[in-house]
Amino acid sequence: MANHKSALKRIRQNEKRKVRNRYYHKTARTALKVLRNEEDKAAATEQLPKVISLLDKLAKKNIIHKNKAANLKSKLTKHVNKLA
């Protein structure tokens, strides 16, 4: 266990951030799954900007890598455009 006050604080901060990041990441994965399973083009087109915004926020906060966010946005846009 850490002995320094600053190390103890760092442990507390890391735990808070881990929980917060895990929540955001899980929320994004759920949103992606919902959009991928959507079969109605109108509903999917409505959801797409919200999911893209979510991915951009995660990339900005370094929860996911910016290239991963770009790849996911590209795949989702292709998926929505393919819907009839």
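See above for the structure.
Residues numbered from 1 in each chain as written. Predicted model: local features only at pLDDT ≥ 70, side-chain atom pairs only at ≥ 80, totals over all residues. Heavy atoms only, no water.

(A) View of the nonpolar core. Counting residues in hydrophobic clusters, the biggest one holds 16 residues, and the most contacted among them are L32, L35, V51, L55 and L76. Listed by contribution, the elements that provide at least two residues to this core are α1 (5-37), α2 (41-60) and α3 (66-82). Of the residues forming this core, the biggest block, 6 residues, is contributed by α2. Setting aside residues no more than four positions away along its own chain, L32 makes contact with V51, L55, L72 and L76. (Core = buried A, V, L, I, M, F, W, Y, C linked by side-chain atoms within 4.5 Å. Buried < 20%, exposed > 50% of the residue type's maximum accessible area, 1.4 Å probe, protein only. Helix = DSSP H or I, 4+ residues; strand = E, 2+ residues; numbered from the N terminus. Contact = heavy atoms within 4.5 Å.)

(B) Broad picture of a positive patch on the surface. Together, K5, K9, R10, R12, K16, R17, R20, K57, K60 and K61 make up a positively charged patch on the protein surface. Among the elements of the structure, α1 and α2 are those that each provide at least two residues to the positive patch. Looking at which element gives the most residues to the positive patch, the answer is α1, with 7 residues. Assignment of secondary structure puts R20 in helix α1. (Patch = residues over 30% accessible without salt bridge, like charges linked within 9 Å, V, L, I, M, F, W, Y side chains within 5 Å. Areas by Shrake-Rupley, 256 points an atom, 1.4 Å probe, with all protein chains shown as cover. Salt bridge = Lys/Arg side-chain N within 4 Å of Asp/Glu carboxyl O. Lys, Arg positive; Asp, Glu negative; His and termini not counted. Charge placed at Lys NZ, Arg CZ, Asp CG, Glu CD.)

(C) Representation of the environment of V34 within the structure. Mapped onto the fold, V34 is located in helix α1. For V34, a relative accessible area of 41% gives the class partly exposed. For V34 and L55, which are 21 residues apart along the polypeptide, the C-alpha to C-alpha distance reads 14 Å.

(D) Up close: α3. A rise of 1.5 Å per residue sets the reference length of α3, with its 17 residues, at 24 Å; its end C-alpha atoms lie 24 Å apart and thus fit the reference within 8%. Taken residue by residue, α3 has A69, L72, L76 and V80 as its buried positions. Considered in projection along α3, the buried side chains sweep an arc of 65° and stay on one side of the axis. Pointing more than 90 degrees away from the buried face of α3 are the exposed residues K75, K78, N81 and K82. (Expected span 1.5 Å × (residues − 1). Arc of directions from axis to C-beta.)

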